[in-house]
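# Remarks on the overall topology
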Amino acid sequence: MSATDDEQQCDEDDERAARERRERREERRRRKERTRREGLRRRLGDSSAFKRETFYALENLNRANWPAKIVGGALFALILLNAVVVFVSAQPGLDPVAANIIQGFYRFSTVCFFVEYIARIWIADLAYGNCTPARARLRYIFSPWGIIDLLSFGPNMAAWFLPVTPALQNVISVVRLVRLIKISRYMRGLRTIGRVISKHYHEIVASFLVIAMLVVVASVVMYEIEHPAQPDKFNNLLSGIYWAVTTVTGTGYGDLVPITPAGRIVGSVIMFLSVALVAIPGGIFSAGFVAEFQNANLRKIERDVRREDARQDNRDEEERAADEEVERAVAEEPEKEAPSRNSSADPSQRAHK
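Residues numbered from 1 in each chain as written. Predicted model: local features only at pLDDT ≥ 70, side-chain atom pairs only at ≥ 80, totals over all residues. Heavy atoms only, no water.

Attention now goes to the overall build of the chain. A count of helices and strands for the chain gives 13 helices and zero strands. Helices (α) and strands (β) of the chain occur, in sequence order from the N terminus, as α-α-α-α-α-α-α-α-α-α-α-α-α. The proportion of buried residues among the 353 residues of the chain is 27%. When contacts within the chain are restricted to residue pairs at least 6 apart in sequence, long-range pairs at least 24 apart make up 62% of them. A total of about 23700 Å² of accessible surface is found on the chain, and carbon and sulfur atoms cover 63% of it. (Helix = DSSP H or I, 4+ residues; strand = E, 2+ residues; numbered from the N terminus. Buried < 20%, exposed > 50% of the residue type's maximum accessible area, 1.4 Å probe, protein only. Contact = heavy atoms within 4.5 Å. Areas by Shrake-Rupley, 256 points an atom, 1.4 Å probe, with all protein chains shown as cover.)

This is the structure we're talking about:
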């Protein structure tokens, strides 16, 4: 066997091993997801009706009853209104009446988000059921979503009890934008992005590390070449990094450009390399999105097949029960007719005697 065949066989073995690792990882993820769903179904069955509907209102509106759906829909509408009001309140020269209305709306939103935060702490033992209730609540509080929920009302509520300075007001106005992140809870596309990043974490990190290495190398080389010719423009390595980032990302503001022949050659090479390297994360994201939506369609088909099988099993059970009932009725009819024939024959027999 030649060296080329050996290399090809090694590549095939590596590809097969990588595919098996991905399949094992996907199978572990599916098994973990099934275990989580079964545990959640069991915990929901053991909890009270009010707590169960609170969980549905905050986490799964499709399974909630109509009061819980109203609460969940109102919370989503409140988040959207905050996005609109944040944009409106940033406009200068607001009317005093409009400013008072906006401040009242912010106070109302702060109270609502505080109540939502307390409710999410209460139902955390349902959402994080693989640990004790106290640990589940601590897990939610220190999770990214818990921190976002806390920041959505915490600074505004703290301003009610602390003296408000212009600096504190600016901080509150900036932190208030965190409320807009809460919209991603209700958007399937943003959750899909999170799943794609978690599944292709290593590939994405590797691609961005390669891009970062290109930026660092290009900035150092360009600074060494252009600094003697443009000391006022390329005055330090940070200016070289700024030029490299704008060049690699294709932005190209034009405020920093190489003027030496060597600098222009290096810049052209960096542009060609960046076209190839920047496309790598986009390809990873695209492939991840396609695979995720295909998996979602397959899961939907599997759920539909399981529902249809369950309905068919129920129909078979009903038909089997109906057949057994008919067989029992048919078997009981001769037993009923026999005593009637005997009773009708008794008078004639007695008369004959």
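What follows picks up the thread again.
What follows deals with the pattern of salt bridges. Summed over all chains, the structure comprises seven salt bridges. The closest approach of N and O atoms between Glu116 and Lys182, which form a salt bridge, is 3.0 Å. Of this pair, Glu116 sits in helix H4 (residues 96-122) while Lys182 sits in the loop between helix H9 (166-175) and helix H10 (188-199); the two residues are 66 residues apart in sequence, bridging distant segments of the chain. Just as Glu116 is buried, Lys182 falls in that class too. (Salt bridge = Lys/Arg side-chain N within 4 Å of Asp/Glu carboxyl O.)

Any two packed helices are characterised by the angle at which their axes cross and by the distance between the axes. Two numbers describe how H4 lies on helix H6 (residues 133-141): the axes approach to 8 Å, and their chain directions differ by 140°. With respect to H6, the axis of H4 lies oblique. Between H4 and H6, the contacting residues are Tyr117, Arg120, Ile121 and Trp122 on the first element and Arg137, Tyr140 and Ile141 on the second. Taken together, the residues of the contact of H4 with H6 sort by class into five nonpolar, no polar and two charged. (Axes fitted to C-alpha atoms, helices over the stretch in contact; angles between N-to-C directions. Parallel < 35°, antiparallel > 145°, perpendicular 65-115°, else oblique. Nonpolar A, V, L, I, M, F, W, Y, C, P; charged D, E, K, R; others polar.)

If you walk through the whole model with that rule in mind, you get seven aromatic pairs. On the basis of an interplanar angle of 40° and a centroid distance of 5.8 Å, the ring pair of Phe50 and Trp122 is categorised as tilted. Of this pair, Phe50 sits in helix H2 (residues 49-59) while Trp122 sits in helix H4, and the two are 72 residues apart along the sequence. Trp122 sits in the partly exposed class, given a relative accessible area of 33%. Through a chain of ring-to-ring contacts, three or more aromatic side chains come together here, namely Phe114, Tyr117, Tyr140 and Phe153. (Phe/Tyr/Trp six-rings, centres within 6.5 Å; stacked < 30°, edge-to-face > 60°.)

So, about the nonpolar core. In terms of nonpolar packing, the biggest core is built from 28 residues, with Phe55, Tyr106, Phe113 and Tyr140 touching the most fellow members. Here this core takes seven residues from H4, the largest share from any one element. Beyond its immediate stretch of four places on either side in the chain, Phe113 contacts Leu75, Leu78, Ile79, Asn82, Ser152, Phe153, Arg179 and Lys182. Among the nonpolar cores identified, the runner-up in size contains 14 residues, and Met222, Phe234, Val248 and Leu277 belong to it. (Core = buried A, V, L, I, M, F, W, Y, C linked by side-chain atoms within 4.5 Å.)

Time to look at the environment of Gly282. Counting through the fold element by element, Gly282 comes out in helix H13 (residues 261-352). Look at Gly282 and you get partly exposed, because its relative accessible area is 35%.

Once that is clear, we can look at helix H12 (residues 237-248). Here H12 is 12 residues long and its end C-alpha atoms lie 16 Å apart, about the 16 Å a rise of 1.5 Å per residue gives. Of the residues flanking the start of H12, the one acting as N-cap is Asn236, its side-chain oxygen 3.2 Å from the backbone nitrogen of Leu238. (Expected span 1.5 Å × (residues − 1). Polar contact = N/O pair within 3.5 Å; in protein donor to acceptor, adjacent residues only side chain to side chain.)

What follows concerns a positive patch on the surface. On the surface, Arg19, Arg21, Arg22, Arg24, Arg25 and Arg28 cluster together into a positively charged patch. Summarising the element assignment, Arg19 is placed in helix H1 (residues 3-46). Taking relative accessible area as the criterion, Arg19 reaches 35% and is therefore assigned partly exposed. (Patch = residues over 30% accessible without salt bridge, like charges linked within 9 Å, V, L, I, M, F, W, Y side chains within 5 Å. Lys, Arg positive; Asp, Glu negative; His and termini not counted. Charge placed at Lys NZ, Arg CZ, Asp CG, Glu CD.)

Moving on: the confidence of the model for the chain. Parts of the model with low pLDDT should not have their predicted coordinates read in detail. Across the chain, the average pLDDT comes to 80, with 89% of residues at 70 or higher. Segment residues 347-353 is flagged for pLDDT under 50; beyond a separation of four residues in sequence, or across chains, it makes zero contacts in the model. (pLDDT = per-residue confidence, 0-100.)

All right, on to a negative patch on the surface then. Judged by side-chain charge, Glu318, Glu319, Asp323, Glu324 and Glu327 come together as a negatively charged surface patch. Assignment of secondary structure puts Glu324 in helix H13. Accessibility expressed as a relative area gives 40% for Glu324, which makes it partly exposed.

Turning our eyes to something else, we now look at the side chain of Ser239. Along the chain, the position of Ser239 falls in helix H12. Here Asn236 takes part through its backbone oxygen, which lies 2.5 Å from a polar atom of the side chain of Ser239. Discounting chain neighbours no more than four positions away, the residues touching Ser239 are Lys233, Phe234 and Leu256.

Between helix H3 (residues 66-89) and H4, whose axes approach to 11 Å, the crossing angle comes to 145°. Seen along the crossing, H3 lies across H4 with a hand that is left-handed. Listed contacts from H4 to Leu75, Leu78, Ile79, Leu81, Asn82, Val85, Val86, Val88 and Ser89 of H3 are Ile102, Phe105, Tyr106, Phe108, Ser109, Cys112, Phe113 and Glu116. Its residues assigned to classes, the contact of H3 with H4 shows 13 nonpolar, three polar and one charged. (Left-handed = near helix turned anticlockwise from the far one by under 90°.)

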